[in-house]
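# Residue-level structural notes
One letter stands for each residue in the lines below.
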Amino acid sequence: MDKDEIHLRRLPPAAPWGPHTDSEFHGVEFLPEDLSEAPNKTGMRVNEKYSCLPAEEKGIHIINIRAIEDIGYVQHESTLLNSLSRNPDADCKYGLYFRDGKRKVDYILVYHYKKSSAGRTLTRRIHHNDSSARSTKQDQPLPGKGVHLEMVENEPHVDYHEDDKRFRREEYEGNLIEAGLELERDEDTKIHGVGFVKIHAPWNVLCREAEFLKLKMPTKKMYEINQTHGLLKKINSVIQKITEPIQPKVAEHKPQTVKRLSYAFSREKQHLFDLSDRDSFFDSKTRSTIVYEILKRTTCTKAKYSMGITSLLANGVYSAAYPLHDGDYEGENVEPNDRKLLCEEWASYGVFYKYQPIDLVRKYFGEKIGLYFAWLGVYTQMLIPASIVGIIVFLYGCATVDENIPSMEMCDQRNNITMCPLCDRTCSYWKMSSACATARASHLFDNPATVFFSVFMALWAATFMEHWKRKQMRLNYRWDLTGFEEEEDHPRAEYEAKVLEKSLRREYKHKETDKEKLTWKDRFPAYLTNFVGIIFMVGLTFAIVFGVIIYRISTAAALAISSTPSGRSSVRVTVTATAVIINLVVIIILDEVYGCIARWLTQIEVPKTDKNFEERLIFKAFLLKFVNAYTPIFYVAFFKGRFVGRPGDYVYIFHSFRMEECAPGGCLMELCIQLSIIMLGKQLIQNNLFEIGIPKMKKFIRYMKLKRRRSLDHEEHMKKKQRYEVDYNLEPFAGLTPEYMEMIIQFGFVTLFVASFPLAPLFALLNNIIEIRLDAKKFVTELRRPVAVRAKDIGIWYNILRGIGKLAVIINAFVISFTSDFIPRLVYLYMYSENGTMHGFVNHTLSSFNVSDFQAGTAPNDPMDLGYEVQICRYKDYREPPWSENKYDISKDFWAVLAARLAFVIVFQNLVMFMSDFVDWIIPDIPKDISQQIHKEKVLMVEVFMREEQGKLQMLETWKDKDMKKGENCNSHSPKLSRSHSGSLSSCHLYPVDI
């Protein structure tokens, strides 16, 4: 029994309390024993359609008590009521059904209202029903709790804004009732100041809307799915037995041998569909989708402009709108439901090794979310072979590191190669053998197997895209999405408001009332703001990367001055690690900032539909986050060490900071460090900690707020919350864009620079195994249930993936050619090597410099740091020696290597592109068995309709024959009729033959 409700059994004429006068019951009104005898029959009539009182309680007297404190039995109220009634919340399954326990809640609207201090104690609420005709809907309250039978005269009046919101809600809810929906209000909840409107779609409305939306529903006709035969059948059965332990234990995941024929629902052809169980014919996902479509197109027009549900939510008329979850997912006495099954077989880290129950995910959340998790599952599966090959490449580098001649030459102290200083004045000469560890580590990622792995990953990306297209077609067939075309969406509320504003301006100036729309002139300021804003954000990213470069240069110089000789050897590692961490922190911060800026830039454009809004938002967010994530990596891969100059003629920034050089082993090792730290840091901090921590923190904050507002009433505190109250406390669904975005950025890390980090697919695989279960747990337990959206593909994300795959081929070609030493080694091996080996390669890549040619003030302060005087030092470049006529000029070896590098880029790019396109061409987009099944469905559908038409024709022929026989009988009997009866009615009734 609710706190603000009193239900008393009918009292006998001789009540034990004896007769009472008005003076004894201040403000107590007894209703007539028979409601039909009430003075106002229209106002108090109960419509059976909206009745929410149990049948056995129809004889209850309802008392509106204004001053309950004046009655002496207040303390015994709960005892009396509890003994005479049962818990109504159990009848409605704690909010999943209306108060009658029969009509299912399909959608919830939430609003805030101001509860007066007098209203809480002076007013009692009852269950009342909207019994008036549709024409008087505005004069009648909604059924359910929260309806006043009699307003208190002295109740304080709420402000104008609250009145305006209430009037809009009343009009909107009245229009929903006109559209055929059934509503019930509940303001007596544990969340004070928050009211809920429960919405139920009856059968006739579901049928009508299903026909409008062209929803494909299963018919009575069933057919067998083509099965494999022979060897393939045996192989499939063996695979099924092997994979049985990793299959989820849900009915939807079991292989099907038969399938129901589906057809767009039609009320005229209801006999074709299996309507044996109307309650389950439209599942909860479909019901909520239908209700949401009605909510979107229903408007209230008494406001300044027409407002749909999106406008009402944006203006605070309603604070939330969402469908309900199926029930609880944990607890001992929880009834079985799809949410609980998903939690056990999908949203649990203990089942990380199992396949996802994609069909059940689609059944519960809809096709769009189902496709996201299906794509994520396919991507994760495809990472397994990529990870295995990456591990093999890495192990090959480890196995051959001791056989690598260039690194052995660098580590050989007998070579006694003296290198030029890494910075001016404070840095001294150093031995190449001191960089032995860096050289050996570089070989782990810079070896011939890296080139093979780059080609493999380019083909892997093409194969992945083709595999996903085929998987997508299988899902479209299973989910009855073949032939589905997305219709133009409703205009967004912001777009309609902008158009109305333009119309009013035009009408005021020119008295024109033609239909307006936004043109490029209206959006030009927004376009200009977008262009300037994006350019500024990209420039900001470049500026931050430039600032990190200055940090690296200045910190390296400072550490070289202050460090001990042993500390100076680790300066490069220290500077690189700290700079990468700074980059990581900046990337994570700017990711959040750029996400908000991209949304704001899209909002000021005022796109017409939600689809346009989403596509423009995705493009801007991806562009900004792509630049933010990959700019530091691009700098290390293609710019660092390219513009440093040479000893005696270095390039300076601000005339003070000398451009930094690559390590003696090349920049590929540093690129590997940069890529690995940024990738792993983003995955660990942003994708996992943020996704776990932020929702938990928000949930804790909401819990603390509710705890402060909670009533001190113990009975109220112990009362179990309704389903819609529990779901209201969950986080609202914010769309799939953040989920896709983090995976697309990861896909870039895996493919774009994979030549420098073969272990990237492995770390991506480990992350995604956790990510799938993390996202699943978030959708099932942390978020309100999203509205199911039909979709047959992943939209613009597929084009972005294809673009990244093509770009990866080009970038890997340049990484292998310009960042690694693969091409210089080939050139030396086939053009300069005397014995056909790599002996002498290191010396060939080093140029000589006479220390007497240092610019004034740039020579080392301690030239004797190595214990001997240095006259010639070496540096990595292809230049003429100091004893040449054109000393320090670019040598012909440089041009030979450059030509080979450019040739490799062209050959590699075209060869891999051709192989990728060949893979794309040779693998059909639609699996052969699926195309056969789709064709079979079409043939069966035609057969069904042909049989139906033949049945109609046979029925017409039968009617015609009967009518003709009756006509003949009447003609044969008519002469026998006596003339006296000629004026009377004939016993033969002739029916028209032509129907």
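Cut-offs and rules
Residues numbered from 1 in each chain as written. Predicted model: local features only at pLDDT ≥ 70, side-chain atom pairs only at ≥ 80, totals over all residues. Heavy atoms only, no water. Core = buried A, V, L, I, M, F, W, Y, C linked by side-chain atoms within 4.5 Å. Buried < 20%, exposed > 50% of the residue type's maximum accessible area, 1.4 Å probe, protein only. Helix = DSSP H or I, 4+ residues; strand = E, 2+ residues; numbered from the N terminus. Contact = heavy atoms within 4.5 Å. Patch = residues over 30% accessible without salt bridge, like charges linked within 9 Å, V, L, I, M, F, W, Y side chains within 5 Å. Areas by Shrake-Rupley, 256 points an atom, 1.4 Å probe, with all protein chains shown as cover. Salt bridge = Lys/Arg side-chain N within 4 Å of Asp/Glu carboxyl O. Axes fitted to C-alpha atoms, helices over the stretch in contact; angles between N-to-C directions. Parallel < 35°, antiparallel > 145°, perpendicular 65-115°, else oblique. Left-handed = near helix turned anticlockwise from the far one by under 90°. Nonpolar A, V, L, I, M, F, W, Y, C, P; charged D, E, K, R; others polar. UniProt positions renumbered as here; feature names shortened; annotations may be inferred. pLDDT = per-residue confidence, 0-100. Disulfide = S-S within 2.5 Å. Phe/Tyr/Trp six-rings, centres within 6.5 Å; stacked < 30°, edge-to-face > 60°. Lys NZ or Arg CZ within 6 Å of the ring centre and 35° of its normal.

### So, the nonpolar core
Membership of the largest hydrophobic core comes to 126 residues, with the highest contact counts inside it found for Trp 375, Tyr 379, Trp 460 and Phe 753. Per-element accounting of this core gives the leading share, 15 residues, to helix H21 (residues 610–639). Beyond its immediate chain neighbours, meaning those up to four positions away, Trp 375 contacts Phe 464, Trp 468, Tyr 740, Met 743, Ile 744, Ile 794 and Leu 801. Counting 47 residues, the second-largest nonpolar core is a separate cluster that includes Tyr 107, Leu 215, Met 217 and Ile 290.

### Overview of a nonpolar patch on the surface
Side chains of Trp 520, Phe 524, Tyr 527, Leu 528, Phe 531, Val 532 and Ile 535 sit close together on the surface and give an oily, nonpolar patch of about 750 Å² of accessible area. Residue placement: Tyr 527 occurs in helix H18 (residues 520–562). Taking the relative accessible area as the measure of exposure, Tyr 527 reaches 31% and is therefore partly exposed.

### Some remarks on the packing of helix H13 (residues 367–400) against helix H26 (residues 760–782)
Relative to each other, H13 and H26 sit at 160 degrees, their axes nearing to 7 Å. Judged by the inter-axis angle, H13 sits roughly antiparallel to H26. In the crossing of H13 with H26, the sense of the turn from one axis to the other is left-handed. Here Ile 369, Tyr 372, Phe 373, Leu 376, Gly 377, Tyr 379, Thr 380, Leu 383, Ile 384, Ala 386, Ser 387 and Ile 391 of H13 lie close against H26, whose contacting residues are Pro 761, Leu 762, Ala 764, Leu 765, Asn 768, Ile 769, Ile 772, Asp 775, Ala 776 and Phe 779. Split by residue class, the contact of H13 with H26 holds 17 nonpolar, four polar and one charged.

### Regarding the UniProt feature "transmembrane region" (unreviewed entry) in the protein
When the UniProt feature table is mapped to this numbering, "transmembrane region" (unreviewed entry) covers residues 372–396, 449–468, 527–553, 573–597, 617–638 and 743–766. Between the end C-alpha atoms of residues 573–597 there is a gap of 35 Å, over a span that is 100% helix and 0% strand. In residues 743–766, the share of helix is 67% and the share of strand is 0%. The end C-alpha atoms are 13 Å apart.

### What about the confidence of the model for the protein?
Any residue range with low pLDDT should be treated as having predicted coordinates unsuitable for detailed reading. Averaged over all residues, the pLDDT of the protein equals 78, while 78% of them reach at least 70. Highest mean pLDDT in the protein belongs to H13 (93); lowest belongs to strand E3 (residues 61–65) (34). Taken as a whole, residues 711–715 scores under 50 in pLDDT and shows five contacts with residues more than four places along the chain or in a different chain. For residues 976–995, every residue scores under 50 in pLDDT, and the model assigns this stretch twelve contacts once sequence neighbours within four places are set aside.

### Points about the state of the cysteines
Within this structure, the stated rule accounts for three disulfides. Paired by a disulfide, Cys 411 and Cys 436 hold their sulfur atoms 1.9 Å apart. In this structure the cystine formed by Cys 411 and Cys 436 twists about its S-S bond by roughly 95 degrees; its chirality is therefore right-handed. Within this pair, whereas Cys 411 is found in helix H14 (residues 405–411), its partner Cys 436 is found in helix H15 (residues 436–445), the two being separated by 25 residues in sequence. You can call Cys 411 partly exposed: its relative accessible area is 21%. Shown here is the disulfide that connects Cys 420 with Cys 873, its sulfur atoms set 1.9 Å apart. Because the sign of the S-S torsion sets the handedness, a value of about 85 degrees for the bond joining Cys 420 and Cys 873 places this disulfide among the right-handed ones.

### A word on the packing of aromatic side chains
Enumeration over the complete set of coordinates arrives at 52 aromatic pairs. Sitting above the plane of the Tyr 650 ring, Arg 658 keeps its charged end 3.6 Å from the centroid. The cationic tip of Arg 785 hangs over the ring face of Tyr 364; the distance from NZ or CZ to the ring centre is 3.9 Å.

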